[in-house]
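Listed below are the residues making up each chain.
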Amino acid sequence: MPLVLLYLGLTLLGALQTQAQDSAPNLIPAPRLSRVPLQQDFQDAQFQGKWYVVGLAGNAVRREEQGQFKMHSTTYDLKEDHSYNVTSTLLRDQGCDHWIRTFVPTSPPGRFTLGNISSYPKIQSYIVQVAATNYNEFAMVYFKKVSENREYFKITLYGRTKELTSKRKERFIRLAKSLGLTDDHIIFPVRIDQCIDN
C-alpha cells in the first residue's frame, strides 16, 4: 500500500510539474553579465534626465504586442549618494501612471541594483547595466531580474527624443541578437504624446 501511495504521489507531482511548465512560456536564458557590454567611463551626471523608450527587446517580449505597446518615458534623477530615483511615466486607460524605484550603484560604474528590493517580495535579484550611451542622443540599458526562480532580461533603447536614426535602431537590434534574442523578441513602441511629455 505505501508503495502504491508513493507511486500515485510521484505521478501527481509529475503531472503538476508538466502543467506548470505548460502554463509558463519557455524563456531564452539570460546571458552571463560578462557578455553584456558596459559603457566605459560611465558618467552618472550626464546620464540623468528624461529618456523615451524607443525600442524594447527581451525574453518575455513578443513581437505580436508591437502595436499595443505604447512609448513611455523614464527619468533618472541623480542623488547625492550617486543612486538614481527612477520614474517611469506610462499611459494606461487614458490616465497617467507613474512607477518609481531606486537604482543603487555597484561596481563597475554603470551597473546598478534595485534599491529596497525587500519591498518587492517576488523579486530575488535585479541588475541594471548601461551597455552604451552618448548621453545626449541615445542609450541602451540591460535589465535582468530573477522573479519566482525565473530569469527575465530585456534591453531598452532610450532616446532623448522620440525618434532615433535607423543606424541607432540597427545597433540596438544587433545587441539584442548578440544576447540570444530573435526578431520576435524586439519591438518598437507606438509613439504617443500623452503623459510622457509632462
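Rules used throughout
- Residues numbered from 1 in each chain as written.
- Predicted model: local features only at pLDDT ≥ 70, side-chain atom pairs only at ≥ 80, totals over all residues.
- Heavy atoms only, no water.
- Helix = DSSP H or I, 4+ residues; strand = E, 2+ residues; numbered from the N terminus.
- Buried < 20%, exposed > 50% of the residue type's maximum accessible area, 1.4 Å probe, protein only.
- Contact = heavy atoms within 4.5 Å.
- Areas by Shrake-Rupley, 256 points an atom, 1.4 Å probe, with all protein chains shown as cover.
- 1 Å grid on protein atoms, 1.4 Å probe; cavity = no way out; pocket = protein on both sides within 12 Å on 5 of 7 lines; lining within 4 Å.
- Points joined across faces, edges and corners; volume = space filled by probe spheres on them.
- Nonpolar A, V, L, I, M, F, W, Y, C, P; charged D, E, K, R; others polar.

1. So, the overall build of the protein chain
And step 1. Helix and strand content of the protein chain: 3 helices and 9 strands.
And step 2. The order of α-helices and β-strands along the protein chain, N terminus first, is α-α-β-β-β-β-β-β-β-β-α-β.
And step 3. Within the protein chain, the proportion of its 198 residues that are buried is 40%.
And step 4. Taking as baseline every contact in the protein chain between residues at least 6 positions apart, the subset at least 24 positions apart corresponds to 58%.
And step 5. Working note: accessible area of the protein chain is about 11,300 Å², and carbon and sulfur atoms make up 53% of it.

2. So, the layout of surface pockets
And step 1. Approximately 830 Å³ is the volume attributed to the largest pocket.
And step 2. As for the largest pocket, its lining consists of 35 residues, and the residues nearest its centre are Leu56, Phe69, His72, Trp99 and Lys154.
And step 3. With 5 residues, strand S8 (residues 150-159) is the single largest residue contributor to the lining of the largest pocket.
And step 4. Taken together, the residues of the lining of the largest pocket break down into 19 nonpolar, 7 polar and 9 charged.

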